[in-house]
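# An overview of the molecular structure
These are the residues of each chain, in order.
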Amino acid sequence: MNRIRLLSEQVANQIAAGEVVERPASVVKELVENAIDADARRITVEIQAGGRGLIRVTDDGVGMSEDDALLSLERHATSKIRHAEDLHAIATMGFRGEALPSLASVSRMSLTTREREPATPFATQVIIHGGKILEVKEAGAPVGTSIEARQLFYNLPARRKFLRSEETEKAHIQHYLTLAALGYPAVAFAFISDSRTLWQLPPAEARGATGKPLSALRERLRSLYGSADGMLPVDFASTLDVNRLTRDPDTGEQSAAVAIHIWGFIGAPGLSRATRENQHLFVNRRPVENRGLNHALLEGYHTTLMKGRFPVTCLFIEIDPAEVDVNIHPAKKEVKFRHENAVRQQVGEAVRQTLREYHRQTTAGYAPAPPPFEAPENPAKNAPVAAPHQPPSSPVDTALPLFPEPSAPAIPSAPAGHSEAAAAPLPPITVDAVAPGAETAPTAAAPVLAAPPRAPESVPPSPPLLAVPLRIIGVLGRLYVVLESDRGLVLLDQHAAHERVLYEQMLSRLETGQVVSQRLLLAETIEVSTRDAQFLREQAPILARLGVGLNEFGERTFLLDALPPFVQAPDARTFVLALVDELKATGQTVNSWRLGEQVIAKTVCRHAVKAHDPLTSVELEKLLQDLRRCVMPYTCPHGRPTLIEMNFRELEKRFGRVV
């Protein structure tokens, strides 16, 4: 007997199901993706027992005929690709044709579908258990497709026992539906668990003359999380700085620009989480996981995040499908870019541009502040002047945009003046800093039965903190400068603020080539590996422009004879080697502006104003003005906040004036 045998179709489908159907959330993912590809405008997902007992996905898409319905149950049967060349430019969510036969082989499944065009008077229903078709009949159903899977893994008890608790499986399903709802705001989603409606999200259409999807995405964020305050819009269009080789009958090859569009929302400085769970990234509307994109976000937020914190983002990357390989992961969670470094550079630049534009508003609409207190010695002159009480512009939409756990969207806090009995108890949320201009009402995680109310679109967002007049009241503990605005109380860390000012001044001199090299008394030879030697040769012009004198002295040996004057390294050779390692880890795309930043940050920390250093009123006012001129004024170079605001609403809550 031959040792190699051909597996039966049923066994082959069950093996494929091991890759495609990992858990109930995998079933929901495949069926929802098929519904989106079928041009559905309304998708309803219903589960029981966390997906173990029932998974039903119903859509109003184009539907299928009887022949297509039966053919869809065959392996590798799909309407989305026809030729091998189509795999190089996939523009649909699904393309493998393995979802339905894999699901049918491990569940008791029924498929009911009715075509939209041409219109048919009845639907087709196919009942299949464990991969065997039991019945094909006519049925009454609306246009679209409804797929129902019961008793998942009933014929594979070994797989079934590896499923987690009902709540855990339900949380995974809700997390994926959150991503699908964000990726397609124009599609209405409903989520029903154990006969209880958790979501009822209406379609969010793009509004305005340009019809950009940002307004629809903002509306969907509000529906899911209760608020989009503190989220900065991103709209960045560019081309990749690469040469894409294409065949040409005359020259053989030619270069073509690759367009890229990056849009969505990112959190303002101060809004961050301890994990990456709230970094939602989409490539051509497909939710993906990509380590390079995660690093690009950190590069964009450089010096505005504390170590160990991660930004809150919902970012979309639109690029030619031929530049993306979506067929590298069995569950299609990961993608690979043809030009990874170029895409990473553009994502980082999009984030940096958005943050800089946000900070530019600081000086654009700035009005001079009232005169500061004249001298610290005269407390009578330091008495605060009562500012007019201005309530928040949006009493409903006051929740911080810190995404809650995917198992439950957030609901906004109750408006001012509502009784405590009318509002659900709201546990506090811990953040590393308060975003300038953002409200500070706490939020809670709770099931959402319908889209929560939201503020009118006509309400303008709060301006950045440094864009409003600030009046110096005094200094607390010889470290924290107390300021007053028309919105409430502001505290400024004089050490962190001075760090940011010195850091940007020194970095500006470096980038403009105004730093003069300081010659070493004795030049040192540095021997590196072959790969590092090539890297240093490529970076030699940048190193020279920024004050590092490094010349070739052999095949793998360099002569170090000068360093920037701000560098105080006892061992110059160790400093250069550490700098090379840092630059290689960062990537060549940011070397020109990243060089020595960590050293600069350490240097300005030593030279900045310390705690308990007394400053006069003139010096404090000068520090505030210098901070307003900074590109990133709200954090020090280490990511700590320079300013913290407590608005009048929060003060009144602390004193029990409002509930």
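Residues numbered from 1 in each chain as written. Predicted model: local features only at pLDDT ≥ 70, side-chain atom pairs only at ≥ 80, totals over all residues. Heavy atoms only, no water.

### Considering the overall build of the chain
For the chain, the count of helices and strands is 16 helices and 26 strands. Going through the 659 residues of the chain one by one, you find that 50% of them count as buried. Of the contacts made within the chain by residues no fewer than 6 positions apart, 72% connect residues no fewer than 24 positions apart. Carbon and sulfur atoms make up 54% of the accessible area of the chain, which amounts to about 31,300 Å² in all. (Helix = DSSP H or I, 4+ residues; strand = E, 2+ residues; numbered from the N terminus. Buried < 20%, exposed > 50% of the residue type's maximum accessible area, 1.4 Å probe, protein only. Contact = heavy atoms within 4.5 Å. Areas by Shrake-Rupley, 256 points an atom, 1.4 Å probe, with all protein chains shown as cover.)

### Topic: the sheet that holds strand β21 (residues 480-485)
Pairing in this open sheet of 4 strands is antiparallel, and the strands run β20-β21-β22-β26 from one edge to the other. Of all the strands in the sheet, just β20 (471-476) and β26 (643-647) have a single pairing partner and so form its edges. Strand after strand, the sheet turns through a mean of 25° between neighbouring axes, direction not considered. In this structure, β20 lies alongside β21, joined through 5 bridges in antiparallel fashion. Bridge pairing in β21 places Leu476 opposite Tyr480. (Pairing = 2+ DSSP bridges. Axes fitted to C-alpha atoms, helices over the stretch in contact; angles between N-to-C directions.)

### Details of the packing of aromatic side chains
How two aromatic rings sit relative to each other is given by the distance of their centres and the angle of their planes. According to the stated counting rule, one finds 4 aromatic pairs in the structure shown. Residues Phe191 and Trp199 carry aromatic rings whose centres are separated by 6.2 Å and whose planes lie at 70° to one another, so their mutual orientation is edge-to-face. You'll find Phe191 and Trp199 in the same group, each marked buried. Ring geometry for Tyr358 against Tyr634: centres 6.1 Å apart, planes inclined by 45°, an arrangement best described as tilted. (Phe/Tyr/Trp six-rings, centres within 6.5 Å; stacked < 30°, edge-to-face > 60°.)

### As for a nonpolar patch on the surface
A cluster of nonpolar side chains, Leu7, Val11 and Ile15, forms an exposed patch at the surface whose accessible area comes to about 260 Å². Following the sequence through the fold, Ile15 ends up in helix α1 (residues 9-20). Taking relative accessible area as the criterion, Ile15 reaches 49% and is therefore assigned partly exposed. (Patch = residues over 30% accessible without salt bridge, like charges linked within 9 Å, V, L, I, M, F, W, Y side chains within 5 Å. Salt bridge = Lys/Arg side-chain N within 4 Å of Asp/Glu carboxyl O.)

### Brief notes about the confidence of the model for the chain
Across the chain, pLDDT averages 77, with 75% of residues at or above 70. Contacts of residues 365-460 to residues separated by more than four positions or lying in other chains number 210 contacts, the stretch itself having pLDDT below 50. (pLDDT = per-residue confidence, 0-100.)

### Quick word on the packing of helix α2 (residues 24-37) against helix α6 (residues 166-183)
Contact geometry for α2 and α6: axes closest at 8 Å, N-to-C directions at 25°. In terms of their interaxial angle, α2 and α6 are classed as roughly parallel. Seen along the crossing, α2 lies across α6 with a hand that is right-handed. Of the residues in α6, those touching α2 at Pro24, Ala25, Val28, Lys29, Val32 and Glu33 are Glu169, His172, Ile173, Tyr176, Leu177 and Ala180. (Parallel < 35°, antiparallel > 145°, perpendicular 65-115°, else oblique. Left-handed = near helix turned anticlockwise from the far one by under 90°.)

### Some thoughts on the pairing of strand β1 (residues 42-48)
In this sheet, strand β7 (residues 188-193) lies alongside β1 in parallel orientation, the contact comprising 6 bridges. Of the residues in β7, the one forming a bridge with Val45 is Phe191. Where β1 lies against strand β2 (residues 54-59), 6 bridges are found, and the strand directions are antiparallel. Residue pairing in the sheet places Thr44 in a bridge with Thr58 of β2.

### Side note on the pairing of strand β25 (residues 557-563)
Along a regular strand, successive side chains alternate from one face of the sheet to the other. Most of β25 sits inside the fold, with 6 of its 7 residues counted as buried. Note: strand β23 (residues 518-527) against β25, 6 bridges, orientation antiparallel. The residue of β25 that forms the bridge with Glu524 is Leu560. Summarising the sheet, strand β24 (residues 549-552) and β25 pair through 4 bridges and their orientation is antiparallel. Residue pairing in the sheet places Leu550 in a bridge with Leu560 of β25. Between the antiparallel neighbours β24 and β25 lie 4 residues, among them Gly554 with a positive phi of about 155°.

### Re the nonpolar core
Val32, Ile43, Val45 and Leu177 are the most contacted members of the largest nonpolar core, which has 61 residues in total. Ignoring sequence-local partners within four residues, the contact set of Val32 consists of Ile43, Val45, Val57, Tyr176, Leu177, Ala180 and Phe189. Within the second largest apolar cluster, 54 residues are counted, among which are Ile260, Leu297, Leu465 and Leu627. (Core = buried A, V, L, I, M, F, W, Y, C linked by side-chain atoms within 4.5 Å.)

### A look at the environment of Glu46
Relative to the assigned elements, Glu46 resides in strand β1. What makes Glu46 buried here is its relative accessible area of 17%. Measuring from C-alpha to C-alpha, the distance between Glu46 and Arg196 comes to 9.1 Å, with 150 residues separating the pair along the chain. When neighbours within four sequence positions are excluded, Glu46 is seen to be in contact with Leu54, Ile55, Arg56 and Ile192. Looking at Glu46, its side chain comes within polar contact range of the side chain of Arg56, at 2.7 Å. (Polar contact = N/O pair within 3.5 Å; in protein donor to acceptor, adjacent residues only side chain to side chain.)

### Re the pattern of salt bridges
Following the criterion strictly, the structure yields 20 salt bridges and no others. Across the pair Arg519 and Asp561 runs a salt bridge, and its minimum N-O distance is 2.9 Å. Placement of the pair is Arg519 in strand β23 and Asp561 in strand β25, with a sequence separation of 42 residues. Classification of Arg519 by relative accessible area gives exposed; the value is 62%. In this structure, Arg654 engages Glu650 in a salt bridge whose closest nitrogen and oxygen atoms are separated by 3.2 Å. Here the residue Arg654 and the residue Glu650 both occupy positions in helix α16 (residues 648-654), the gap between them amounting to 4 residues, near one helical turn. Judged by relative accessible area, which is 60%, Arg654 ranks as exposed. Put simply, Glu46, Arg56, Glu148 and Arg150 are held in one network by salt bridges that share partners.

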